[in-house]
Amino acid sequence: MKMKKIVALLLAICLLGSLAACAKTGDQTPAGVTYVDPYAKYEAGSNELYKAVYMDILGEFYTAYQAAKAEPNISKRYALMAIAEAKMLSAGIFLPTTSQGGNYALTKIAPYTNTPVLWGNDTYRFHDRIVATEMIKAADYKEMKAEWQKKLGTGEYEAWAKQYLTGKGYTLKNTLNVYFDADPESWDVLATSNAADSEILVQTYDGLYEYSMENKLTPALAESYTVSEDGLTYTFKIRQGVNWVDNQGRVVAPVKADDFVAGMQHMMDTKGGLEYLVQGVIKGATEYIEGATTDFTQVGVKATDDATLVYTLEAPAPFFMTMLGYGVFAPMSRSFYESKGGKFGTEFDSAAESYTYGKGPDSIAYCGPFTITGFTSKNSIVCEENAAYWNKGGNNIVKLTYLYTDGSDEQGMYNDLKTGKIDALGLTDARMKMAKEDGTFETYAYVSETDATTYCGFFNVRRSTYANFNDATVGVSKKTDADKTRTGAAMLNKNFRLALAMSIDRGAYNAQSVGEELKYNSLANSYTPGTFVLLEEDVTVSINGTDKTFKAGTQYGEIMQAQLDADEIALKVWDGSSSAGFDGWYNADNAKAYITKAAEELKAVGIEVTAENPIYLDIPMRTDSAVNTNQKNAMKQSIEAATGGLIKVNLVEYTTRDDYLNATYWYTAGSEANFDLNDGSGWGPDYGDPQTYLDTMLPDGAGYMTKSLGLF
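Predicted model only: the values in this text are computed from it and were never measured.

A. Main features of the layout of surface pockets. Approximately 1,100 Å³ is the volume attributed to the second largest pocket. Residue lining of the second largest pocket: 47 residues in total, with Glu275, Tyr276, Gln279, Ala702 and Gly703 positioned closest to the centre. Of all the secondary-structure elements, those providing two or more residues to the lining of the second largest pocket are α3 (74-90) and α8 (285-289). Classifying every residue of the lining of the second largest pocket gives 21 nonpolar, 14 polar and 12 charged.

B. Summary view of the packing of aromatic side chains. Enumeration according to the criterion identifies 40 aromatic pairs in this entry. The interplanar angle of 15 degrees and the centroid separation of 5.5 Å between the aromatic rings of Phe61 and Tyr65 together place this pair among those described as stacked. One end of the pair, Phe61, and the other, Tyr65, are both in helix α2 (residues 47-69), 4 residues apart, so they sit about a helical turn from each other. Considered together, Phe61 and Tyr65 belong to a single accessibility category, that of buried residues. Between Trp119 and Tyr211, the ring centres sit 6.0 Å apart and the planes meet at 80 degrees, which makes this aromatic pair edge-to-face. Pair noted here: Trp119 is in the loop between β2 (104-107) and β3 (131-132) and Tyr211 is in strand β6 (residues 209-211), with a separation of 92 residues, a long-range link. Owing to a relative accessible area of 14%, Tyr211 belongs among the buried residues under this scheme. An aromatic cluster of three or more residues is present, and its members are Phe94, Trp119, Tyr211, Phe458, Tyr527, Phe532 and Tyr693. Arg239 extends its terminal NZ or CZ atom over the ring of Trp390, reaching a point 4.0 Å from the ring centre. Geometry around Tyr704 places Lys707 over its ring, the cationic atom sitting 4.3 Å from the centre.

C. Quick peek at the pattern of salt bridges. Taken as a whole and assessed by the stated rule, the structure comprises 35 salt bridges. In this structure, Arg125 engages Glu210 in a salt bridge whose closest nitrogen and oxygen atoms are separated by 3.5 Å. One end of the pair, Arg125, is in the loop between β2 and β3; the other, Glu210, is in strand β6, and 85 residues separate them in sequence. Between Glu156 and Lys151 there is a salt bridge, with the nearest N and O atoms lying 3.6 Å from each other. Accessibility expressed as a relative area gives 43% for Glu156, which makes it partly exposed. What emerges from the salt-bridge pattern is a single network uniting Asp122, Arg125, Asp206 and Glu210.

D. Structural view of the environment of Ala669. By the element assignment, Ala669 lies in the loop between α19 (657-664) and β24 (677-683). Residues Ala669 and Leu709, spaced 40 residues apart in sequence, show a C-alpha to C-alpha distance of 9.8 Å. Look past the residues within four positions of Ala669 in its chain and what remains in contact with it is Lys707 and Phe712.

E. The sheet that holds β24, seen in detail. Strands sit in the order β1-β19-β24 across an open sheet of 3 strands; the sheet is antiparallel. Lying at the two open borders of the sheet, with one neighbouring strand each, are β1 (94-96) and β24. With strand direction ignored, the average angle separating the axes of adjacent strands in the sheet is 30 degrees. With 3 bridges connecting them, β1 and strand β19 (residues 454-459) associate as antiparallel partners. Paired with Phe94 across the bridge in β19 is Phe458.

F. Expanded view of the confidence of the model for the protein chain. Residues of the protein chain with pLDDT of at least 70 account for 96%, and the chain-wide mean is 93. Counted against residues more than four places away or in other chains, residues 1-29, with its pLDDT under 50, gives 135 contacts.

G. Region of interest: helix α10 (residues 410-418). Residues of α10 that are buried include every one of Glu410, Gly412, Met413, Tyr414, Asp416 and Leu417, and no others. Check the buried side of α10 and you find it contacts β2, β5 (175-180), β17 (424-426), α11 (429-437), α12 (440-444) and α18 (626-642). Directly after α10, the chain includes Gly420, whose backbone phi takes a positive value near 90 degrees.

H. A look at the sheet that holds β17. Taken together, 3 strands build an open sheet; the order of strands is β17-β2-β18 and the sheet is antiparallel. Sheet topology places β17 and β18 (446-447) at the edges, where each strand pairs with a single neighbour. Where β2 and β17 come together, 3 bridges link them in antiparallel fashion. Residue Leu106 lies in a different strand from β17, and its bridge partner there is Leu425. The sheet strands contacting α10 are β2 and β17, and the helix crosses β17 at an angle near 145 degrees.

I. Here's a closer look at empty space enclosed by the protein. The full count for this structure, using the stated rule, is 3 cavities of 30 Å³ or more. Here the largest cavity defines a volume of roughly 110 Å³. Forming the boundary of the largest cavity are 14 residues, of which Val189, Thr204, Pro331, Tyr357 and Ala365 lie nearest the centre. The residue makeup of the lining of the largest cavity, split by class, is 11 nonpolar, 2 polar and 1 charged.

Rules and cut-offs
- Residues numbered from 1 in each chain as written.
- Predicted model: local features only at pLDDT ≥ 70, side-chain atom pairs only at ≥ 80, totals over all residues.
- Heavy atoms only, no water.
- 1 Å grid on protein atoms, 1.4 Å probe; cavity = no way out; pocket = protein on both sides within 12 Å on 5 of 7 lines; lining within 4 Å.
- Points joined across faces, edges and corners; volume = space filled by probe spheres on them.
- Helix = DSSP H or I, 4+ residues; strand = E, 2+ residues; numbered from the N terminus.
- Nonpolar A, V, L, I, M, F, W, Y, C, P; charged D, E, K, R; others polar.
- Phe/Tyr/Trp six-rings, centres within 6.5 Å; stacked < 30°, edge-to-face > 60°.
- Buried < 20%, exposed > 50% of the residue type's maximum accessible area, 1.4 Å probe, protein only.
- Lys NZ or Arg CZ within 6 Å of the ring centre and 35° of its normal.
- Salt bridge = Lys/Arg side-chain N within 4 Å of Asp/Glu carboxyl O.
- Contact = heavy atoms within 4.5 Å.
- Pairing = 2+ DSSP bridges.
- Axes fitted to C-alpha atoms, helices over the stretch in contact; angles between N-to-C directions.
- pLDDT = per-residue confidence, 0-100.

Here it is as C-alpha cells:
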C-alpha cells in the first residue's frame, strides 16, 4: 500500500569525522586511514542505532516538520510542510518513480463514476460505478470527462452519464469484474495496513461520511454532524434502521454509535499498522496505543446514546472530516465480534484458539453495499449486493467479482478483456501492441488519470539482511563481506545517494511498462504531489533565513522548489503547474558530479571508489515478469553509465512474485529489508493534508515507510 521517509544533516559531520565499518588495507585505502563504522557503539538492530542514523540523515527534515505540525494557521502549515519535504528530498534517501495511471487503458467503466478524491479508500468503492457491456470509445470517454468538470458540484453527473451512454448506443449492466493480485492477508479492515486488503474490504462497510462521484462529502452511516466552536468536538447523528448482516445476508445486530467506538478500540488493540493516523489527532489515542493507559474511556471517542457518536480531538484538525473515508474509522459490530471470540484492551489476543474474527469472509459482519459470498485463494472473490443495505436500490452495481492475476500472462489478460471476463485493463507495452494489431487501440484506448499514489525507489541506509527474512535460501546476495561494508559506508553518504537518485533514467525505466510514448506521463518528482494542497491566503515563511512571501493560490510544489533552489540541490520537482509528467531527477552530468564528490569524501574515511573497485548495489528483479525484468535492466544500465562505473548493480533474481514481495513489500521491519535499492512499494494519501505523506517518515517506528530505509 504505502511507505516512510525523512531528511538529514549530521551526515556531513560523520563523513568528515568518524565514518566506520570494517577495515580495508593496501592501495585501496589512503595511508593511515581505516574505515570505522560511526555507529559501532550501538547494539545491532537497536532502536538507538536506528534513531542515530535517522537523525544524522533526516534531522533537518524532522526539525522542520515538527515546526510545520505545530503551526495553527492552515496555509502557513502547508508552506512549512513543503519546506520540510524539500529537506527530505534533498537528503537523497529515495527516488520518487511513478504514480498510478497515466498509461493507456481500455474500459467499460464510465469516468468519474467513483469518486476521484485523492485520499482514503472511497475511490475503491465500486457500488456507484456505471458500466457498459461494450468498451467505451476514447472520444466518448473524453467528452464525459469534460462534462464531469462542468457538472461538478451540481449532483447531476450520474444521471447525465447514464443518459449519455445509452444515447450513444451503449447497454448498461449492473455487474463489474476487475482483477486483484493478492489475497487479503486479513479480512479485518481494522487490523491491516495493506492496500490489497482494504481495497477489497471497503466494499463491506460504510463510513460516517463518504465522497460522492462529484467529490462532495455526503452522509452515509451518519445523517449529520456538528463541530464545536473550538474545533475540538465532532458530534455525529447515526442513521437509524441500519443492520449488520453475516455473509449469508442474515441480520445479526443493528448498527449503532457504539459500533464506531468498538471499531476504534479494536483498531488500536490490533496495532495493524495504521493506528498512527489517529495518534495526536483523537484525544488519548497515543496514550492508549502506547500502553500508557489501558482505560479506553480516556480516549476521545464515545457513544452518548445509540444514535450519537462524539469524537474529541487533541487539537483542532481542519482535515479531520477528510480522514473518515479510511478504514481506521470503520465501524465494527461489538456483539458479532464478541461472538467470534473477540475481546478488548488487555484481554485482546488474536492468537487465542477461540479468536476467529477476521479469519475469512464468513467471520466478519457487513453493513456496506456488498457481502462477500465467495472466495477461492488466488482465483476469485465474489461480492453480492447486501439485501439489508440501507440504500438498496441506489446502487449501480449489484455483483462485483475480483479475478486473480499475477500480471505475468499478458496475452491472457488482454483476452479476458476482449471476451468480457473483465471490464477494464491498463495497457502495458506488450498489451498495447496487441491492441494496435487487432485495431482496438485506435478507437478505444485512452490515457488514464494519474492519482496521488507515489511509488519510490527506496535506499537501504542501514542494511543488515542479505537473504529473505522468511527463507534464508531465497534472495541471497552475492556480495562479499568487504562489498557489504563498502556499500553500507556509501549509503551513509548524502552525495552518493544523490548521485544514485540522479543516475536512474526513469523515462527508460517506465517505458518498459507503459511504452515509449507515455513514459513520462506517470512520473512523480515529489513524495506529496505538488498540486495536493494550495495556500488559502498570503503566507510569509523563512527560506534559509530569508523571508519569502507566497501568494494565496500558491501550490505546495512551488514552495518545495523554492527551498530546493535555496539549498542548491539540482532537482526539479515543480514545472510551474505540476510535479508530475516530467523527469526532474535524472541527469547524468549531475550524477557524475555528485559521485565524484562522494568518492572524495569516502576516500577520506578509508573507502576507495574507482571503476576497478566500485560500490555494488543489490536490486531485486522478478524473472517471471518481463516488465519487471526489463525495468531492472534499464535501471542497471542507466546507473552504471551515469556514474561512470563507480556503481555496479547486482540484479538479484526472484522466480516467483511471492518471493519477490517478501524482499520488497511484505517485510515488517527495517532489519528484514533485503535490498540496497527497492522500487516495490509506495504511499497513497489517507486524508487531505500533506501530513498523510510526511508522517510515514517519522522515526521510532511511528512512520510506516522508514522500514524501507532499513530503519526501525
